[in-house]
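# Structural overview for review
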Amino acid sequence: WDMYGVKASESLTSSAGQLGSRLANRANMGFAAGRESKQGPTPEMLRAYYRVVAVLSGDITSGVLGPFGNRSQNDIALFNDFLTAAGGLAQPRGMFVQGDGFGQSEKQAFGIDPAHGTFLGDKLGVVFRNASYQSLSGNTNPCADLLTTTSLTAAGDVFGVMNTCTWSNDVYHRNPAIGESVEGAFYENLGVNGPYVADVVKPATALRPWIAVTSGYEIEHLLSRYCETASGRAAYYYYMWFKAFSSICAVVGSPPQLDVPGHEHLARDFLRVGSSVMRQSTSSVRFGVSKAGRVQITIYDVTGRRIRQLADRVFAAGEHTLVWDGSSDTGAKVARGVYFMRSSTQPESKRIIVLNP
């Protein structure tokens, strides 16, 4: 990272450089001997000085790793050597990949060089499923739950990942052919196509002595649950490193405290709509209260007229779920349109677009 990190625009033709530049295919590109780029490390250099490589690809959805059309830098060959070759620093070595278009990019590059698909499946233990969690699940909420397993964090931890149409979080499967590969985290399980794998963890084994963690979202979009603070990101990295890479490098210190679903000591009150676009007959409403007390959940139309009093009673501290069936206080189905849900414990309202016939 300190030696080879680069920052470039999201373009296939204006990259600032690639790690695999020294392994560029001179024969195909017409390079004269000794005229290939020396910016990146040789395989021996990477093995000699590094135990873990982090690839944070951001929102880029193509051309993340070479080689591919118009770029011959062979990042795949360099990373294959780093993870598997015995020379240099002791094994296991590790690789952490995070980006909401990495899997999509490797899937596309597989059509140019099959080594991309082999690297994704055999080295990272990942099978690419879909380029967009939002379109696959139908979840249009701007923040989706990210539920980690004990392969990545403590049991029951829930983070938040931003979820809008301006980018697309990759969805994975673990590769069943790599027996040690496991699901590290899942996106919020809405719609009929779940579950949706967000992270895959591949521990080291005697047969495959390397560690890999692959995330389908980017670092900037990983937050605490409900996407309110960046403390969740810090906790994720602490636990992820401790769980996956502690055999390479010890972790010290304590992580930030996270809210846990159903826990009676929530850090703050919240209000969430399960689906902000009601295409089916119902929409779930989740809210949490940091201490027991009376809570009113009310639905209004765009003119501010009250449509439905969904709840008005005392709730215990913790998380709760209600269901709105699209009807008013009189029991009649509401017309298509925009409605707003408000809680007596929250200053901001939540929008629901009703599309039911």
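Before reading on, note that the structure itself is shown above.
A brief structural summary. (Residues numbered from 1 in each chain as written. Predicted model: local features only at pLDDT ≥ 70, side-chain atom pairs only at ≥ 80, totals over all residues. Heavy atoms only, no water.)

### Quick look at the sheet that holds strand β13 (residues 283–289)
Definition in use: Between any two strands, pairing holds if DSSP finds at least two bridges. Counting from the N terminus, the helices are the DSSP runs of H or I reaching at least four residues and the strands are the DSSP runs of E reaching at least two. To obtain an axis, a line is fitted to C-alpha atoms, over the contacting stretch when the element is a helix, and the angle between two such axes runs from 0 to 180 degrees between their N-to-C directions.
Pairing in this open sheet of three strands is antiparallel, and the strands run β11-β13-β16 from one edge to the other. Across the chains shown, the open sheet's two edge strands, defined by having one partner strand only, are β11 (270–273) and β16 (318–324). Looking at each pair of strands side by side, their axes are set apart by 15° on average, direction ignored.

### Overview of the packing of helix α3 (residues 75–84) against helix α5 (residues 115–123)
Selection rule: An angle counts as roughly parallel when it lies under 35 degrees, as roughly antiparallel when it exceeds 145, as roughly perpendicular when it falls between 65 and 115, and as oblique in every other case. Crossings are classed by handedness, with left-handed meaning an anticlockwise turn of the near helix from the far one by less than a right angle and right-handed meaning a clockwise turn. We call two residues contacting when some pair of their heavy atoms lies within 4.5 Å. In the scheme used here, Gly and all other residues not listed as nonpolar or charged are polar, with Ala, Val, Leu, Ile, Met, Phe, Trp, Tyr, Cys and Pro taken as nonpolar and Asp, Glu, Lys and Arg as charged.
Axis separation between α3 and α5 bottoms out at 10 Å; the angle between their running directions is 25°. One element, α3, and the other, α5, form an angle in the roughly parallel class. Relative to α5, α3 is oriented so that their crossing is left-handed. Between α3 and α5, the residues in contact are Ile76, Phe79, Asn80, Leu83 and Thr84 and Ala115, His116, Phe119 and Lys123, respectively. By residue class, the composition of the contact of α3 with α5 is five nonpolar, three polar and one charged.

### As for the pattern of salt bridges
Using the following cut-off: Salt bridge criterion: a side-chain nitrogen from Lys or Arg within 4 Å of a carboxyl oxygen from Asp or Glu. Buried, partly exposed and exposed residues are distinguished by accessible area as a fraction of the type maximum, computed with a 1.4 Å probe on protein chains only: under 20%, between the cut-offs, and over 50%, respectively.
According to the stated counting rule, one finds twelve salt bridges in the structure shown. For Asp312, the salt bridge identified is with Arg294, shortest N-O distance 2.7 Å. Taken as a pair, Asp312 in strand β15 (residues 306–315) and Arg294 in strand β14 (residues 293–301) lie far apart in primary sequence, 18 residues in all. Residue class for Asp312 comes out partly exposed when judged on its relative accessible area of 36%. Of the charged contacts, one joins Asp301 and Arg305 as a salt bridge, the two residues approaching to 3.2 Å between their closest N and O atoms.

### Some details on helix α7 (residues 231–245)
Basically, it comes down to this: A helix's residues, less one, multiplied by 1.5 Å, set its expected span.
Under the 1.5 Å per step criterion, the end-to-end length of α7 is 21 Å for 15 residues, consistent within 8% with the ideal 21 Å. When α7 is considered as a whole, its buried residues turn out to be Gly232, Ala235, Tyr236, Tyr237, Tyr238, Tyr239, Met240, Ala244 and Phe245. Contacts made by the buried residues of α7 are with β1 (52–58), β2 (93–99), β5 (158–162), β8 (197–202), β9 (210–215) and β10 (222–224).

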